[in-house]
Amino acid sequence: MKSLSIGIVCPYGWDTPGGVQIHISELAEWLINKGHKVSVLAPVTDESAIDKPWLTSAGRPVPIPFNGAVARVLFGPLASSRVKQWIASNDFDLLHLHEPAIPSISLLAGWAAEGPIVATFHAATNRQKTLNAIGTMLDPFIERITAKIAVSESARETLKDRFHTEAVVIPNGIESEKFTKFGSKSEWSAPNTIGFLGRFEESRKGLDVLLGALGRIFSEIPSATLLVAGPGDSSSIIKKLKPEFAKRVKFLGRLSEEEKVEFFKSISLYVAPNTGGESFGIILAEAMTCGTPILASDLPAFRTLLDSGSCGGLFESENSESLALKAIDILKNDSLRNEISRLGFEKAKSFDWETVGEQILSVYDLALTGNSKIKLNSEGRIWNRVRTND
């Protein structure tokens with residue numbers, strides 16, 4: 001494929017860590033290393049902290065509730081103006097929009113541009129939630145997207161259910177090499193250490209479900225401890241713990257990328273007790289890349305990622321007793337833990353950027369066939385058909 005000029009739009013605040021932002025950042029770096037020209041447009045809270053030459057700020061994001069969490073996005077006339085300026089100042093072969101079916105700069109870019117558009121859909125929600133969020137006004141916009149990607153079967157089913165359209169499934173990518181550079185950390189490496197990583201103040205991340213299982217786990221495995229990593233105020237959670245439990249639960253705060261690898265390689269079992277709103281599970285994929293045994297709630301996305309339990313244990317979602325029994329079984333059974341670790345590590349190879357990136361380039365190639373350069377729609381209105389050279 002010839003060298004391309006690619007515009008990528010991130011809907012979520014770049015300063016807030018999340019799977020979509022990491023995916024876009026690593027995709028941009030991978031494409032640039034393959035000889036392509038990339039510009040990423042994203043909402044940025046602190047523009048002085050921008051350290052990527054390919055990143056352009058669209059303005060400061062604002063928080064809105066979305067998919068059981070709070071998304072920091074940007075929308076409105078000023079944002080629209082910045083999007084148009086960004087498109088007009090570049091000579092893109094195509095636009096790659098992420099999560100365009102929410103009020104965001106991805107949607108604004110889709111409205112404003114002509115030419116080939118690739119869109120990646122990350123979220124998995126039920127039909128009613130999606131209807132309430134975006135209604136039917138986006139149907140013409142979705143139809144004009146040249147090629148669609150879903151990061152999982154759950155995301156594809158959401159797209160199919162809501163818009164009656166299909167997408168190719170390409171998972172989130174993993175920069176496997178960075179997970180080989182670091183080892184375990186001695187102070188985190190005690191036997192029977194359980195790990196949790198995420199924004200634990202968000203109820204859908206399921207920390208309360210895990211905490212509810214500690215009594216049974218600690219009773220059966222007296223040496224077990226829990227490490228909780230991620231942003232949030234731990235004081236209110238510590239107050240809810242029994243004193244004898246509190247001394248066996250340690251909050252690590254936000255981890256750097258290096259510390260995240262050390263975290264995964266130090267613990268005996270990674271637990272993902274999420275209660276919903278997950279379409280892929282990038283944290284699980286990263287843990288698998290480190291060879292870390294996994295126990296996850298049986299959400300459809302997690303079940304698919306873990307090959308129905310062969311690459312990691314599954315427990316009944318939102319059921320602390322089920323979590324406890326499965327965790328005890330895995331921690332007490334070395335052969336089982338080693339087997340799910342081995343199979344998970346093998347499965348994670350399919351998420352490496354060399355595989356995922358080439359799949360995305362194939363979609364770009366499909367989208368570019370017979371299409372013209374990206375340019376501004378004269379009036380910024382929805383364009384209802386794929387533009388060709390015919």
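Everything below is about the structure shown above.
A brief structural summary. (Residues numbered from 1 in each chain as written. Predicted model: local features only at pLDDT ≥ 70, side-chain atom pairs only at ≥ 80, totals over all residues. Heavy atoms only, no water.)

1. Thoughts on the packing of helix α13 (residues 320-332) against helix α14 (residues 334-348)
Turning to step 1, where the next piece is worked out: At their nearest, the axes of α13 and α14 sit 5 Å apart, and the two run at 95° to each other. Our classification of the angle between α13 and α14 gives roughly perpendicular. The segment α13 lies against α14, with D329, I330, L331 and K332 engaging D334, L336, R337 and I340.
Turning to step 2, where the next piece is worked out: The residue makeup of the contact of α13 with α14, split by class, is four nonpolar, no polar and four charged. (Axes fitted to C-alpha atoms, helices over the stretch in contact; angles between N-to-C directions. Helix = DSSP H or I, 4+ residues; strand = E, 2+ residues; numbered from the N terminus. Parallel < 35°, antiparallel > 145°, perpendicular 65-115°, else oblique. Contact = heavy atoms within 4.5 Å. Nonpolar A, V, L, I, M, F, W, Y, C, P; charged D, E, K, R; others polar.)

2. Examining the pattern of salt bridges
Turning to step 1, where the next piece is worked out: Within this structure, the stated rule accounts for 25 salt bridges.
Turning to step 2, where the next piece is worked out: Two residues, E187 and K185, come together in a salt bridge whose shortest N-O distance is 4.0 Å.
Turning to step 3, where the next piece is worked out: Several salt bridges share partner residues, and in doing so they unite E26, K178, E257, K260 and E286 into one network. (Salt bridge = Lys/Arg side-chain N within 4 Å of Asp/Glu carboxyl O.)

3. Quick look at the packing of aromatic side chains
Turning to step 1, where the next piece is worked out: Per the stated rule, a full pass over the model turns up nine aromatic pairs.
Turning to step 2, where the next piece is worked out: Ring centres of F75 and W111 lie 6.3 Å apart, and the angle between their planes is 55°; on these two criteria the pair is classed as tilted. On the criterion of sequence distance, the pair formed by F75 in the loop between β5 (69-73) and α2 (77-88) and W111 in helix α3 (residues 105-112) is long-range, its members being 36 residues apart.
Turning to step 3, where the next piece is worked out: Under the relative-accessibility criterion, F75 is labelled partly exposed at 40%.
Turning to step 4, where the next piece is worked out: Between F264 and Y270, the aromatic rings sit 5.5 Å apart at their centres with planes inclined by 80°, giving edge-to-face as the arrangement.
Turning to step 5, where the next piece is worked out: By relative accessible area, which is 1% here, F264 ends up buried.
Turning to step 6, where the next piece is worked out: By relative accessible area, which is 2% here, Y270 ends up buried. (Phe/Tyr/Trp six-rings, centres within 6.5 Å; stacked < 30°, edge-to-face > 60°. Buried < 20%, exposed > 50% of the residue type's maximum accessible area, 1.4 Å probe, protein only.)

Just geometry here; none of it tells us what the structure is for.
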